[in-house]
Amino acid sequence: MARMVTTQRKVISTVAAWLAGFLIFFPILWMVLASFKTELEAFAIPPSFLFFHWTLENYITVQERSDYVHHAVNSIIIAGGSTLIAMLIAIPAAWSMAFSPTRRTKDTLLWMLSTKMMPPVGVLVPIYLIYRNFGLLDTRAGLIFILCLGNLPIVIWMLFTYFKEIPKDILEAARMDGATIGRELVYVLTPMAVPGLASTLLLNLILAWNEAFWTLNLSTLEAAPLTVFIASYSSPEGLFWAKLSAASTLAIAPILVLGWFSQRQLVRGLTFGAVK
Amino acid sequence: MKNVLCAVAGAAALLISAPSIAQTTLTVATVNNGDMIRMQGLTNEFTAKNPDITVKWVTLEENVLRQRVTTDIATKGGQFDVLTIGTYEVPIWAKKNWLVPLDKLGADYDVNDLLPRIRDAVSVDGKLYAAPFYGESSMVMYRTDLFEKAGLKMPEKPTWDFVIDAAKKLTDKSAGVYGICLRGKAGWGENMAFLTAMANSYGARWFDEKWEPQFNSPEWKKTLSTYVDLMKQAGPPGASSNGFNENLALFNAGKCAMWIDATVAASFVTNPKDSRVADQVGFALAPNTGLGKNANWLWAWNLAIPAGSKKVEAAEKFIAWATSKDYTKLVASKEGWANVPPGTRTSLYQNPDYLKVAPFAMLTLQSIDAADPNKPTVKQVPYVGVQYAAIPEFQGIGTQVGQQFSAALSGSTSVDAALAAAQSSTEREMKRAGYIK
């Protein structure tokens, strides 16, 4: 009897999980489906789910009209570059705050986060002027810099919470064995924090990949990443939903694939320290 | 090996001695509309004639483009050489000296051929500050089959009374057909474009001669209550989130008996590739109330050069090419007359080839002619613009008022409360900006 209940429960929870997963994934699925429709079918009422005339026409048009590879390469460089630099700065910062906290550590952390409380458009004009004067407009370096700054508070916060879960005694033991700070960071702390580091890295990469305010406003042509590529297909006057869906599918494809392969680390990292 | 070296040296010498053409690269910022995309496709025709110029395109969604271009021009960022801007921006930016006056577009540009209303909209003190690429107004698009079935006949110049009556008769909610589809989504360029034009036909105005907001006037009350009642009885569900695209989708799917919106929609709703009702669409002027003004707007997308640009000469060449009569002929020869950019030149409306393929052409022209940006409504106003007031503060004010009116449409507030809120928020902003005390 008891066994019956377990199976039943299993079935129910599995079905519920799949249903929730499907609901969350549905907008993306719908976008992918729309990208294979004709413009007429894309807005058909009632909408057709699978039984429509499948076409690659939108992908061909998008390829003809814009340089996907150029935008994708920019996205990879900008998201990757800003993530790496943010990690390089954040690991030592989080380490010092987690293991040698001072009276002001909490305030420092909150102050860092407070920079995220202002909507970015509030500083658009000053940043634009600074970028103009330093020749950083429409450069990858400029975008890497601003995205790195924007994500740094979140990265430090995430790493700080992961590092705090690591028992201090282990680090002390390493020190007893004569490890320098550098060795302690690289050989003791980092391997223990791998799940946390991996999920922070991935989350930061996804945030940088999807960032659509600074990348749209500070780039023109040379440094324009995939967000600009998508924005060129959105139109308030004209129904180009199928083409927009095709462009969006192409834009999220790389990060989706990356997320798929690294989901084990992501899940482990996000639940790290949840059960104590 | 020696031979190879000789050949390489020879080739290098040739390359060095060849006369080099100094290349000018123009960065053109534009919106993602059909006519602009077509222009991008034809860029090679321009660069073939001007081998010293390379053209690069930055295409963005309208609102993103507006923010991007405004930031750049206000900070003199110099990222763009040619800008696509609307009739709203032209007078404001020209007065701030942000634009290069376009008086050197060449002898064969034929500036007198531009439609007078459109030319007015992009000129300040008689000087052209932007060259119109395509122009539009608004009109009624209706389903001829549904009208016939109901025994109704659309007059060429319908009144609001007729439109309201017909909309109620044509509504068949069980069949999913609604009498009228109108914009409801909040935004100065969304519901407020339509409602301001409608208000003009009811004799309302945004401001009086002393810049005092007029939402407490009986004319505005009549406009808004008529609109809300009409949409409640004969509009589609969820109309407060419908903009141009949503209504276009509804109309093309056969869900609307009438739709009042941009004339540029005419080519979409009559194209069998986009529309299920392509051969059952008729057109009429935007409705009036007999006060002498129709409920239609005036808009044009224009090409302009930012002041301080170092590539003015090349930019002028490009603009002259893209907005010339020859460009129209070029599009016609490549893609047919139905696809030429409409609404900017008188000569297009005298061209029999165009009139043959565009049954809506004369109505577009009449609609454009009927909209006067210098005298948009019945009473005098201190501003320029038909469905907007060309002052920098209007985007913010218009969107705030739009949100109130959208709330009145969805039923979350009453017509009176929405008008009162619109009045007080507009008063506050106008005081802050120093127009009134």
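Fair warning: this is a prediction, and the values are worked out from it, not measured in the lab. (Residues numbered from 1 in each chain as written. Chains lettered and ligands numbered in written order. Predicted model: local features only at pLDDT ≥ 70, side-chain atom pairs only at ≥ 80, totals over all residues.)

Check the secondary structure of chain A and you find 14 helices and zero strands. Counting helices and strands in the order they occur from the N terminus, chain A gives α-α-α-α-α-α-α-α-α-α-α-α-α-α. Taken along the three principal axes of its C-alpha coordinates, chain A extends 75 × 70 × 30 Å. Long-range pairs, those at least 24 residues apart, make up 79% of the contacts in chain A with a sequence separation of at least 6. (Helix = DSSP H or I, 4+ residues; strand = E, 2+ residues; numbered from the N terminus. Contact = placed C-beta atoms within 7 Å.)

This brings us to the overall build of chain B. Scanning chain B for helices and strands turns up 18 helices and ten strands. In terms of C-alpha radius of gyration, chain B reaches 24 Å, essentially the compact-globule figure of 22 Å for 437 residues. Dimensions of chain B, computed from C-alpha atoms along their principal axes, come out at roughly 90 × 55 × 40 Å. In chain B, which comprises 437 residues, the share counted as buried stands at 49%. Considering only residue pairs separated by 6 or more positions, chain B has 75% of its internal contacts joining residues 24 or more positions apart. (Rg over C-alpha atoms; globule rule 2.2 N^0.38 Å. Buried ≥ 20, exposed ≤ 12 C-beta atoms within 10 Å, placed from the backbone.)

What follows deals with the environment of Ala42(A). Residues and elements named next belong to chain A. Tracing the backbone shows Ala42 in helix H2 (residues 39-42). Judged by the 23 C-beta atoms lying within 10 Å of it, Ala42 falls in the buried class. C-alpha of Ala42 to C-alpha of Leu207: the two residues are 165 residues apart in sequence and 29 Å apart in space. In this view, Ala42 contacts Ala34, Lys37, Trp241 and Ala242; residues no more than four positions away in its chain are not counted.

Residue and element names in this part refer to chain B. Mapped onto the elements, Asp72 comes out in helix H4 (residues 62-74). In sequence terms Asp72 and Pro306 are 234 residues apart; their C-alpha atoms lie 9.4 Å from each other. Ignoring anything within four residues of it in the chain, the contact list for Asp72 reads Gly77, Gln79 and Phe80.

What follows concerns the interface of chain A and chain B. Of the residues lining the interface, 25 residues belong to chain A; the matching set on chain B comes to 27 residues. Contributing elements (two or more residues each) for the side of chain A that touches chain B: H2, helix H6 (124-133) and helix H11 (214-218) of chain A. No other element matches the five residues that H6(A) contributes to the side of chain A that touches chain B. By residue class, the composition of the side of chain A that touches chain B is 15 nonpolar, six polar and four charged. (Nonpolar A, V, L, I, M, F, W, Y, C, P; charged D, E, K, R; others polar.)

Residue and element names in this part refer to chain B. The buried fraction of strand S3 (residues 82-86) amounts to four of the five residues, a majority that puts the element mostly inside the structure. Pairing geometry for strand S1 (residues 24-31) and S3, over two bridges, is parallel. Bridge pairing links Ala29 to Leu83 in S3. Two strands pair when backbone bridges link them, and S3 and strand S10 (residues 298-304) are joined in this way by four bridges, in the antiparallel orientation. Bridging from a neighbouring strand, Ile85 pairs with Asn302 of S10. (Pairing = 2+ DSSP bridges.)

Of all hydrophobic cores here, the largest spans 192 residues; its most connected members are Ala94(A), Leu159(A), Val82(B), Ala130(B), Met141(B), Met258(B) and Phe318(B). The leading source of residues in this core is helix H7 (residues 140-164) of chain A, at 14 residues. Excluding residues that lie within four positions of it along the chain, Phe318(B) makes contacts with Leu26(B), Phe46(B), Ile53(B), Val55(B) and Val82(B). (Core = buried A, V, L, I, M, F, W, Y, C linked by C-beta atoms within 7 Å.)

Residues and elements named next belong to chain B. Of all five residues in strand S9 (residues 281-285), four are buried, a share of seventy percent or more. Where strand S6 (residues 131-143) meets S9, five bridges bridge the pair, whose relative direction is antiparallel. Across the sheet, residue Arg143 finds its bridge partner in S9, namely Val281.

This part takes up unusual backbone geometry. Residues and elements named next belong to chain B. Although it is not a glycine, Asn97 adopts a positive phi angle of roughly 60°. For Asn97, a count of 10 C-beta atoms within 10 Å puts it in the exposed group. Unusually for a residue other than glycine, Asp125 sits at a positive phi of about 50°. Along the polypeptide, Asp125 turns up in the loop between strand S4 (123-124) and strand S5 (127-128).

Moving on: the packing of helix H8 (residues 168-176) of chain A against helix H9 (residues 181-192) of chain A. All names here are of chain A. It is at 10 Å that the axes of H8 and H9 come closest, and there the two elements cross at 135°. Relative to H9, the element H8 lies oblique. Our pair here, H8 against H9, has a crossing hand that is right-handed. Where H8 abuts H9, its residues Ile170, Leu171, Ala174 and Arg175 lie against Glu184, Val188 and Leu189. A class-by-class count of the residues in the contact of H8 with H9 yields five nonpolar, no polar and two charged. (Axes fitted to C-alpha atoms, helices over the stretch in contact; angles between N-to-C directions. Parallel < 35°, antiparallel > 145°, perpendicular 65-115°, else oblique. Left-handed = near helix turned anticlockwise from the far one by under 90°.)

Another aspect to go through is the packing of H7(A) against helix H10 (residues 194-210) of chain A. Residues and elements named next belong to chain A. In contact at an axis separation of 10 Å, H7 and H10 are set at 155° when each is read in the N-to-C sense. In terms of axis orientation, H7 runs roughly antiparallel to H10. In terms of crossing hand, the pair formed by H7 and H10 is right-handed. Contact residues: Leu147, Asn151, Val155, Met158, Leu159 and Tyr162 in H7; Gly196, Thr200, Asn204, Leu207 and Ala208 in H10. Of the residues assigned to the contact of H7 with H10, the class counts are seven nonpolar, four polar and no charged.

Here the focus is the confidence of the model for chain B. Per-residue pLDDT for chain B has a mean of 91; in total, 95% of the residues score no lower than 70. For chain B, the element scoring lowest by mean pLDDT is helix H1 (residues 2-17) of chain B, at 52; helix H10 (residues 218-234) of chain B scores highest, at 97. (pLDDT = per-residue confidence, 0-100.)

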